[in-house]
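Secondary and tertiary structure notes
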Amino acid sequence: MRARPAPAALAPAAWIVAGLLLGLWLGVPQGESAPPRKDLPPPPAPDRDFYVERVAPWIEEHCDRCHRVEGGGSFLLAAPRAGEPVAARRARDFERVLPFIQREAPWESRLLRKVLALDCGGDPHVGGEFLRDDGDEAETTWDVLLDFCSGATRSNLPPEVFLGPEIRTKPGETVVVDGQDCFDRDRGDTLRYHWDLAATPPGSRVALDDVRGSRVTFVPDQGGTYLVRLRVSDGKVWSAARTVAVEVHQHTSEASRPPGSISGLQAADPAALRRVRRLYFDVLARSPTPSEALADAFAEPGELAASLVLRAEAGRAWWEEATLRLGLVEDLRPTGPEALDLPLTLVSERLPPTRAEAVLVRDPSFARAHPPGRALATALATLLVEREPTAAELEAAARLAAGQPAEVPGLGPVADASAWVEHVLASEPFERAAVRRRLLRFLPAGDAERQVGPGVLAAREGGKAWGAFLEKVLRSPQVLDRQRLERKDDLGLLRGLFVDLLERKPTDRELLALVRALRVVPGAATPFPALVKVLVDSGQVPFPLLVDITDAPGWIRDRYLRYLGRLPSAAELSACGEVLLDPQGGPELVTYALLTGPEYLCR
Amino acid sequence: MSLWLRSACLCLALASLLRPAPAGPPAAAPAAAREGTRRVVLLVLGGGVRASDLGSRDLMPGLAAQAGAGVRAEALPTQRATAWLCLRDLLTGHEDEPEAPGRPGTVHPTLFEALRAQPGLRAQDAWLVDASAGEEPGLEASSHPAFGRTLAASTAPGDGSFGAPLAAFLEQSGRPLPVDEQVWPLLRRLREVNRQAAGPFLPSELSDSLAEGERIERAVLAELDRKAGVIKAASVSDEKATRAALTVLGVHRPRLLVLRLVGAEAGQQGLAAYEDALRQADHAFQRLRSAVAADPVLATSTVLAVATETGRNARPGPDGVLGLDEDTPARRMAACVLLGPGLKAGARPRAGARPQDIAPTLARLLGVVLPGAQGRAWEECLLR
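Residues numbered from 1 in each chain as written. Chains lettered and ligands numbered in written order. Predicted model: local features only at pLDDT ≥ 70, side-chain atom pairs only at ≥ 80, totals over all residues.

1. A closer look at helix α2 (residues 48-67) of chain A
Residue and element names in this part refer to chain A. With 20 residues, α2 ought to run about 28 Å at 1.5 Å a step, yet its terminal C-alpha atoms sit only 20 Å apart, falling short of that. Of all the bends in α2, the largest measures some 55° and sits at valine 55, one to four residues before the proline proline 57. Taken together, the buried positions of α2 are Phe50, Tyr51, Val55, Ala56, Ile59, Cys63 and Cys66. Contact partners of the buried residues in α2: α3 (86-97) and α5 (141-149). (Helix = DSSP H or I, 4+ residues; strand = E, 2+ residues; numbered from the N terminus. Expected span 1.5 Å × (residues − 1). Bend = angle between axes of the 7 residues up to and from the residue. Buried ≥ 20, exposed ≤ 12 C-beta atoms within 10 Å, placed from the backbone. Contact = placed C-beta atoms within 7 Å.)

Below, the structure written as structure tokens:
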């Protein structure tokens, strides 16, 4: 058997590569599963007979002890019945297993990830790690489980798509996306390919040359993110789609510059650089690279703001922030196609935040993250409406969790929690809170509050009205001429740090780990400085030796422009110069101090 | 920084290991703690500890020196033989949970949940630090529909509250270098000039939080830096857990911190290893006590409790092993010592006291009600 290219399950070494190349941030998550094109059938469904014959014995050996009894979590196998044939029980188990399979992205199925070792990309599992995806030539249980999730039958194994890592290039350079590593699990069938461009940057007119070949080429005409999607068929079934992101921008990395040199930002107006930096944080939740800052410093500010919000990256940034806020991460990540498409639809359809958040709340992952009971009542109140749950709501939630009807304040008697959820999603407090959350990305609290009313009206009208409203807000003086600094959110802080120090974005795993560490201490005093220290001492940042800095004031000014978007005051220049030359100081310490000063925590 | 400078920094950092860590910026002294604002630090000695060894002068001299000033319960009979179920009893005040395989949680709310159900309390106010690295599930929260995971304790395994989420990241990036004491004034100066330059535009909470930020920064770096990887102790997991608990105590000043040590499991290797583990546990107690005493916020408000889960054979077998025979009376005997404000010095609970009483007593000290508890609070030992 041919070894499978590791899809979502990343080997330890691949983890680092994934950070650099497969990052889910600008591109699509590995679980990205945009809906299949209308002219292609959906991916095959899991097959009952295959389960009974190939999968059930393994499940029974490893999962029965915890999951065939009460208390085994949401994955609950069928209770045994006296005299019931084994095949019949396994058929009932099959129905219990189905919700743990993601047809549009089978490699992301919870059935797989919960038993996969953490260092191979698995999720935490109280019962332990059972499998490794080690790329072995021999068929392993991992292969069998992935086949099952991918729709294998006893007579046919499905084809598998494999695309390489994220591609980085410049406008005008030819991009080749190769699908020749795709293969059929039976090995005998000839593959058919179907490519499409799932997303392009605003204003791009790029098209793929041959969507039926084993590779496609195109020449990006605009900077931004292109998403290329591929499905393959073995003549019997079409696979789930996989997507690769093509990042197109002029990029000069820190490593390619001579040590101690400066980035050239002094050629631009510091006020313009500051505005560009703020807009990037407002819309994309990250800092610009020096080359991006330099290029955009000469753009008309209103145009820049309006174009940033149309980038796929802006949708991605919203999605990551929203899923993290709602607790939909790791094995609780969204699974429904509508939720997974949100990064794209948010931008292309200018989806209002009320509708976008509702999609995430209606996704099955939300109910898993906040099961009926106090957890659900608390989530509805704190996460959606931003208030504490009332005692009456907590009591109603406890009754619903116990399977009893309950009187929900403001709604009346309900028999299950879904009616309550819909009631909250249709309420004005939720609309106002969702619009406020979106506006707070761009506006100070007072200005955001004043715009909530008009924003709710626009959101009710739909995508077009919301898009026009948002553009008006982004072009307003409150956004473009803001002087007052706002505190960065956790994701923005960490993404900005990676871009500023390493000129790359963090992977989703890095981001999640660092956000968790940040949130150990909520409030104004933050453990962020310690995280900066980890990166500064990691050896990944090419700090110059002191002797390589021939123009110390110029080097310090360059750091200020890069990290704070302004020139240093005389006092700052003097203090930094002294620390730069101090035996206990040096470039690392100056950088560390700048990135941990109070101003860096703001946007 | 040049190589020789790096080397110099490293040498100075290593030298700093020999010096006691400097205290962070002092915090304002609080008003006298009232019931309801009190804190509890519960040190649980798991792995099977003979009740008579808790606070014995030979093995736990630090605790023995303090025990007289607190409440001591030396013989608390338990029906259990399984250590983590006993811990669950300690946290819920309830014993009649069936011990079914595959039933990881309890339906009775834990002390953590009862505390966090109070308005305004956050996850950072309740902590479980377990040297067994979470091998026993369901201790930080019950599955009670009105409580449950929403009100669970925060957990910090041996890598610490910061080190645990960052473990994979640190493996990839490496641990940070220790910060020499002479570097802090330089950092403070640069941050201060930055604060002055940006001051008019900064959010007020950020411009005011530099000193508090440094306190957190020092604690986190102490947990993460390269010297933190060097551990010498009889039980490495107990030492790591103790260190994690000390960081939690210093950074969060929680209302409830439960630290569980399991080094006494070494009794299976022999009596000497068991005694070493208890001496280490006593050292952990003294470090916790010192940390509480050094922090003006904690000093006046914190009750220190030390309790065992299950007992152990009274005498070693012929092979030198201090065993865990379930049919011996010593195996089913626990003990407890309580120290701090709100307690009558030298008091002892009435006859009939049992381990399920500890949770209600601690709940009473915290000013919360523990629903479903079968035990009773030791009112006779508490100051009105």
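2. Quick word on the nonpolar core
All names here are of chain B. Judged by nonpolar contacts, the single largest core of 269 residues is most densely connected at Leu43, Ala305 and Cys336. Per-element accounting of this core gives the leading share, eight residues, to helix α10 (residues 271-294). Apart from residues no more than four positions distant in its own chain, leucine 43 is found in contact with Leu259, Ala284, Phe285, Leu288, Ala305 and Val306. (Core = buried A, V, L, I, M, F, W, Y, C linked by C-beta atoms within 7 Å.)

3. Looking at the interface of chain B and chain A
Across the contact, 58 residues belong to chain B and 63 residues belong to chain A. Elements supplying a minimum of two residues to the side of chain B that touches chain A: α5 (167-173), α6 (183-198), α7 (204-207) and α8 (210-224) of chain B.

4. Things to note about the sheet that holds strand β8 (residues 242-248) of chain A
Residue and element names in this part refer to chain A. One open sheet holds the four strands; their spatial order is β2-β8-β7-β5, and the pairing between them is mixed. Two strands in the sheet have a free side with no partner beyond their single neighbour: β2 (167-169) and β5 (192-199). For this sheet, the mean inter-axis angle between neighbouring strands, taken without regard to orientation, is 25°. Where β5 meets strand β7 (residues 224-233), seven bridges bridge the pair, whose relative direction is antiparallel. Along β7, the bridge assignment pairs aspartate 196 with arginine 229. (Pairing = 2+ DSSP bridges. Axes fitted to C-alpha atoms, helices over the stretch in contact; angles between N-to-C directions.)

5. Observations concerning the sheet that holds strand β5 (residues 256-261) of chain B
Backbone hydrogen bonds are what pair the strands of a sheet, in a parallel or an antiparallel way. Residue and element names in this part refer to chain B. Taken in spatial order, the seven strands make up an open sheet running β2-β7-β6-β1-β5-β3-β4, and their pairing is mixed. The strands lining the two open edges of the sheet, one partner per strand, are β2 (71-77) and β4 (154-155). Seen against the sheet, helix α9 (residues 236-252) touches β1 (39-45), β3 (126-130) and β5 and runs at an angle of roughly 170° to β5. Running at roughly 170° to β1, α10 makes contact with β1, β5 and β6 (302-308) of the sheet.

6. Thoughts on helix α14 (residues 374-385) of chain A
Residue and element names in this part refer to chain A. When the terminal C-alpha atoms of α14 are compared, their 16 Å separation across twelve residues agrees well with the 16 Å that a helix rising 1.5 Å per residue should span. The complete set of buried residues in α14 reads Arg374, Ala375, Leu376, Ala377, Ala379, Leu380 and Leu384. At its buried positions, α14 is contacted by α12 (353-362), α15 (391-401), α16 (417-425) and α17 (428-439). One or two residues past the end of α14 sits glutamate 386, with phi positive at roughly 60°.

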